[in-house]
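Architecture and fold: a report
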Amino acid sequence: MVKVKICGITNYRDAADAIDCGADVLGFILARSPRQVTPDEAQRIIRKLPASVIKVGVFVDAPIEKVRSAMKYCGFNLVQLHGREDREYCRRLYPYVLKVFRDKTPGVIRSIRSYGAGIFMLDSGQGGTGKLVDLKIARGAAKLGNMILAGGLTPDNVAGVIKSIKPYGVDVSSGVEKKPGKKDKKKVAAFIDVVKLL
């Protein structure tokens, strides 16, 4: 069954609603973003959540000790890296790392293969625009490991994308929001229902 990650969680109500709807993974953004939370905010939310749900901290080119400290303090199970973090940086966080690759990056398939990651994310790199990843690139990337697909997904298009690409998981944030940082429970439920019924 395809895993569902709801990213950009900023408050406990949205986290609890996502879990009630069947989310497998929740993402908390500690990098600059309209959905950014502080480590204190993330920790207050996470300590109320069940252990069965995977909690992911999202970072961009942060010092590795800062990432490790936040991971321990907040209770993250994984860290998601959206910047230019190299293979050595990722190796130092292994196996608790989810490296993000952008489909428009030249040689992205080669880069994913060189990292040798068992699990990774492919993103359109255009969050909030509704732009999907390049489906041809995504199909190729899906053969390299457990790929989580992100970028432009909504309750209306996720079924077609999954059928075409067959990813390990899907990640959504703006596609299930009322406004940046505030989820719409009906959209969250619709998104997860579509994925889980496939």
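Thresholds applied
- Residues numbered from 1 in each chain as written.
- Predicted model: local features only at pLDDT ≥ 70, side-chain atom pairs only at ≥ 80, totals over all residues.
- Heavy atoms only, no water.
- Helix = DSSP H or I, 4+ residues; strand = E, 2+ residues; numbered from the N terminus.
- Rg over C-alpha atoms; globule rule 2.2 N^0.38 Å.
- Buried < 20%, exposed > 50% of the residue type's maximum accessible area, 1.4 Å probe, protein only.
- Contact = heavy atoms within 4.5 Å.
- Areas by Shrake-Rupley, 256 points an atom, 1.4 Å probe, with all protein chains shown as cover.

A separate point is the overall build of the chain. Within the chain one finds eight helices and 10 strands. Compactness check: the chain gives a C-alpha radius of gyration of 15 Å against a globular reference of 16 Å for 198 residues, within 12% of the reference. In terms of its C-alpha atoms, the chain occupies a principal-axis envelope of roughly 40 × 40 × 30 Å. Looking at the chain as a whole, 50% of its 198 residues qualify as buried. The contacts in the chain between residues at least 6 apart in sequence include a share of 52% that link residues at least 24 apart. Counting every atom, the chain has about 9,800 Å² of accessible surface; 52% of that belongs to carbon and sulfur.

Following Y94, the chain continues into P95 via a peptide bond in cis, with omega recorded as 5°. Position of P95 among the secondary structure elements: in the loop between α4 (87-93) and β5 (97-102). At D61, a residue that is not glycine, the phi angle is positive and equals roughly 50°. With respect to the secondary-structure elements, D61 resides in the loop between β3 (54-59) and α3 (64-74).

Just distances and angles here, no functional claims.
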